[in-house]
Amino acid sequence: MPQPVSAPLSDLLAALSDPAIVVDVEAGIAAYNRPAETLFTGLKAQETLSLALRDPDALAGVAGVLAGGEAVELEHVRHAPDARVFLLRIAPLRDIGALLLFRDVSEARRIEKMRVDFVANASHELRTPLAALIGAVDTLLGPARNDAAAQTTFLAMMREQAQRMRRLVDDLLSLSRIESKGAVVPSDRIDLVAVANEACDMLSGLAAEHSTMIERRFGAEPALILGDRDEMVRLLENLIENAIRHGRLGGRVAIAVTRGAGSVDLAVTDDGPGIAPRHIPRLTERFYRAEPRDGRGRTGTGLGLAIVKHILQRHRGRLSIESEVGQGSTFRVRLPAAPEA
Ligand SMILES: Nc1ncnc2c1ncn2[C@@H]1O[C@H](COP(=O)(O)OP(=O)(O)O)[C@@H](O)[C@H]1O
Ligand SMILES: [Mg+2]
């Protein structure tokens, strides 16, 4: 005869934050807690477990434990209402039956997958210029050994590929440096007008190369925020560089700094080809590029906007992107203004 579940046991179940179900020796549902009720809507005491838990592996696990086996752990995947992965532990309860404990590992799996994808993407991005470099070295050692003109061409190409690798490594390092600082909000009072001036000055050379006009739409009056100055320069540099590189040759890039109610707003606007709406939500993903493989802006690492996003997370800022294909794009940043001194 199955024993009724004692009061201490139901208290114990109620104290668990993970879904938990106790079954009797005949795999009938004896007790469960509220999280389990939320997870399995059809759960009913006294009913057989297989009605609520439609997972043959889990049911076989329960049968094994009830037949005197040791505790087992297995994966339980739920597809509806949303995809979730649980680690299910089934442990014997002497004289009672068995305990099923579900631990949601979806988030851990998602982070693990992101990490694996990231390493794969980073390696792939590095391998392309590396293959080009090795190919060029082989040519210089072989067919082009005595060809001075070819040597000059190949060396120039090698330098370009090596620089590309350096940009990638630099961007990867800044990304990890910003991430490692975590969520601590920087506390220095900095002036975004001065930061904007500095970023514009730094990019005047690149703008000249692309015959781009840089328009500074801000006055001399400071716009103060609490922030990390170097990171803010970096952020604006990335946005302005994008506006130049992905914008129109001979185009115009405007940088505005405005003080709002409790905030400071930055806007970087170009009159380039713009971005199709389907790309916009994904632009801050690492290595995501909207342009075709042979586009003019393909020389970038695809990490610039991921860096921008991380800098903004630390500064409690927000990024919004507006673009109309054929007209241009505006990247807007809103940051909390520094409190009055
Ligand atoms: N101002 C812009 N105009 C058009 N496309 C842009 C602009 N800024 C960014 N993009 C698109 O967003 C992608 C991601 O930008 P980013 O992360 O800085 O990488 P990268 O510039 O190295 O390619 C770019 O590859 C480009 O397709
Ligand atoms: Mg970029």
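Residues numbered from 1 in each chain as written. Chains lettered and ligands numbered in written order. Predicted model: local features only at pLDDT ≥ 70, side-chain atom pairs only at ≥ 80, totals over all residues.

Asker: Talk me through the site of ligand 1; I want residue IDs and the actual numbers.
Answerer: The immediate surroundings of ligand 1 are formed by 22 residues, with Asn242, Arg289, Ala290, Gly300 and Gly304 found nearest. The set of elements that each furnish at least two residues to the shell around ligand 1 consists of α8 (229-245) and α9 (304-314). For the shell around ligand 1, the class distribution of residues is eight nonpolar, eleven polar and three charged. (Near = placed C-beta within 6 Å. Helix = DSSP H or I, 4+ residues; strand = E, 2+ residues; numbered from the N terminus. Nonpolar A, V, L, I, M, F, W, Y, C, P; charged D, E, K, R; others polar.)

Asker: Before we move on, can you summarise the sheet that holds strand β11 (residues 318-324) with the specific residues and values?
Answerer: Judged by pairing direction, the sheet is mixed, and its five strands sit side by side in the order β7-β9-β10-β12-β11 without closing on themselves. The open sheet has two free edges, formed respectively by β7 (213-217) and β11, since each of these has just one partner strand. Geometrically, the sheet is characterised by an average inter-axis angle of 15° between neighbouring strands, direction not taken into account. Across seven bridges, the pairing between β11 and strand β12 (residues 328-336) is antiparallel. Across the sheet, residue Ile321 finds its bridge partner in β12, namely Phe331. Helix α6 (residues 192-202) rests against β7, β9 (252-259) and β10 (263-270) of the sheet, and its axis sits at about 165° to β9. (Pairing = 2+ DSSP bridges. Axes fitted to C-alpha atoms, helices over the stretch in contact; angles between N-to-C directions. Contact = placed C-beta atoms within 7 Å.)

Asker: Tell me about the packing of helix α4 (residues 106-141) against helix α5 (residues 148-180), and name the residues and values.
Answerer: For the pair α4 and α5, the least separation of the axes is 9 Å and the interaxial angle reads 160°. Between α4 and α5, the angle is such that the two are roughly antiparallel. The hand of the α4/α5 crossing is left-handed. On α5, the residues touching Ala122, Glu125, Leu126, Pro129, Leu130, Ala132, Leu133, Ala136, Thr139 and Leu140 of α4 are Gln151, Phe154, Met157, Met158, Gln161, Ala162, Arg164, Met165, Leu168 and Leu172. Considering only residue class, the contact of α4 with α5 consists of 15 nonpolar, three polar and two charged. (Parallel < 35°, antiparallel > 145°, perpendicular 65-115°, else oblique. Left-handed = near helix turned anticlockwise from the far one by under 90°.)

Asker: Report on the sheet that holds strand β4 (residues 84-93), specifying residues and quantitative values.
Answerer: As summarised here, the arrangement of the five strands in space is β2-β1-β5-β4-β3, forming an open sheet in which the pairing is antiparallel. The open sheet terminates on both sides in strands that have one partner only, identified here as β2 (29-32) and β3 (72-78). For this sheet the average axis-to-axis angle between neighbouring strands, irrespective of direction, equals 25°. Note: strand β1 (residues 20-24) against strand β5 (residues 97-104), five bridges, orientation antiparallel.

Asker: Please provide a residue-by-residue account of the pairing of β3, values included.
Answerer: Direction of pairing for β3 relative to β4: antiparallel, over a ladder of seven bridges. What sits directly across from Arg78, in β4, is Arg84. Between β3 and β4, which pair antiparallel one after the other, the connecting turn spans five residues.

Asker: Kindly report on α4, identifying the contributing residues and their values.
Answerer: The terminal C-alpha atoms of α4 lie 52 Å apart, and with 36 residues this matches the ideal 52 Å at 1.5 Å per residue to within 8%. In terms of burial, α4 is largely open, as just two of its 36 residues are buried. (Expected span 1.5 Å × (residues − 1). Buried ≥ 20, exposed ≤ 12 C-beta atoms within 10 Å, placed from the backbone.)

Asker: How would you sum up unusual backbone geometry? Please name residues and give values.
Answerer: Comment: phi is negative for the bulk of residues other than glycine, and the bulk of peptide bonds are trans. Residues other than glycine seldom take positive phi values, yet Gln46 does so here, at roughly 80°. Residue position: Gln46 is located in the loop between α2 (34-39) and α3 (56-66). Look at Asp95: it is not a glycine, yet its phi comes out positive at around 65°. If you trace the backbone, Asp95 turns up in the loop between β4 and β5.

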